[in-house]
Amino acid sequence: MNPWLAGLPLVLLLAVLLTLGAVVLLRRNRRTGVKALLGLNAVLMAGALALFAAALNAAPASAGAGDGGAAATAVAAATEGSDSSGAALIGAAIAVAGSSIGAAIAVAYTGSAALAAMSERPEIFGRAMVVVGLAEGIAIYGLIISIILIGQA
């Protein structure tokens, strides 16, 4: 098994424990908790960037010595066109991330406005939820675009 893959559950557990510790610290001392959360976010971002750089610079797997030319041909065939498929996958990730962030911002504003309007007139609940649902549709559009891009890859 790949050591990177075997280490992922440990990294996930460590990140969850550190986040819970920072949240507990945030409840006790706000300024120190915010500093701890910002430091944790910086460490996670640096780790993600290092992993991304390692993935971009990774060389394809080499063939074994006893396989002869068949393994080298298989590796060449497997990596052929990987540049365009990699770009399509990165584009799909950007589409999902951008649309999700946009939907979150839209739902935050429309949801708070809908709650304020419903506190004055409760009978407009249906119309307010339609507006919030339309804002959530932005994320669905990004998901559809990413499915199309993955299908093209």
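Residues numbered from 1 in each chain as written. Predicted model: local features only at pLDDT ≥ 70, side-chain atom pairs only at ≥ 80, totals over all residues. Heavy atoms only, no water.

Q: Could you give an account of the overall build of the chain, naming the residues involved and the relevant values?
A: Secondary structure summary: the chain contains five helices and zero strands in total. Overall, the chain shows an N-to-C arrangement of helices and strands of α-α-α-α-α. Looking at the chain as a whole, 14% of its 153 residues are labelled buried. Expressed as a percentage of contacts within the chain between residues at least 6 apart in sequence, the contacts between residues at least 24 apart total 54%. (Helix = DSSP H or I, 4+ residues; strand = E, 2+ residues; numbered from the N terminus. Buried < 20%, exposed > 50% of the residue type's maximum accessible area, 1.4 Å probe, protein only. Contact = heavy atoms within 4.5 Å.)

Q: Just give me the short version of the nonpolar core, but keep the residues and values in it.
A: Ranked by size, the top nonpolar core spans five residues in total: Ala-114, Met-118, Ile-124, Ala-128 and Val-132. Listing elements by their share of this core, those giving two or more residues are helix 4 (82-120) and helix 5 (125-152). Setting aside anything within four residues of it in sequence, one finds Met-118 in contact with Ile-124, Phe-125, Ala-128 and Met-129. (Core = buried A, V, L, I, M, F, W, Y, C linked by side-chain atoms within 4.5 Å.)

Q: Would you mind going over the environment of Ile-94 in detail, with residue names and values included?
A: Among the secondary structure elements, Ile-94 is positioned in helix 4. A relative accessible area of 58% places Ile-94 in the exposed class.

Q: Could you give me a rundown of the side chain of Ser-146, with the residues and numbers involved?
A: Mapping Ser-146 onto the fold places it in helix 5. Overall, the relative accessible area of 4% leaves Ser-146 in the buried class. What Ser-146 contacts, discounting residues up to four positions off in sequence, is Ala-92 and Val-96.

Q: Hey, could you go over the pattern of salt bridges for me, with residue numbers and the actual values?
A: All chains considered together, the criterion is met by one salt bridge. Of the charged contacts, one joins Glu-123 and Arg-121 as a salt bridge, the two residues approaching to 3.1 Å between their closest N and O atoms. (Salt bridge = Lys/Arg side-chain N within 4 Å of Asp/Glu carboxyl O.)

Q: So what about a nonpolar patch on the surface? Which residues, and what values?
A: A cluster of nonpolar side chains, Leu-12, Leu-13, Val-16, Leu-17 and Leu-20, forms an exposed patch at the surface whose accessible area comes to about 490 Å². Along the chain, Leu-17 turns up in helix 1 (residues 3-28). For Leu-17, a relative accessible area of 52% corresponds to the exposed category. (Patch = residues over 30% accessible without salt bridge, like charges linked within 9 Å, V, L, I, M, F, W, Y side chains within 5 Å. Areas by Shrake-Rupley, 256 points an atom, 1.4 Å probe, with all protein chains shown as cover.)

Q: Tell me about the environment of Ser-85, residues and numbers included.
A: If you trace the backbone, Ser-85 turns up in helix 4. Look at Ser-85 and you get partly exposed, because its relative accessible area is 22%.

Q: Give me the lowdown on the confidence of the model for the chain, citing residues and values where you can.
A: In this model, the chain carries a mean pLDDT of 79, and residues with pLDDT of at least 70 account for 78%. Across the chain, element-level confidence peaks in helix 5 with a mean pLDDT of 89 and bottoms out in helix 3 (residues 69-79) with 55. (pLDDT = per-residue confidence, 0-100.)

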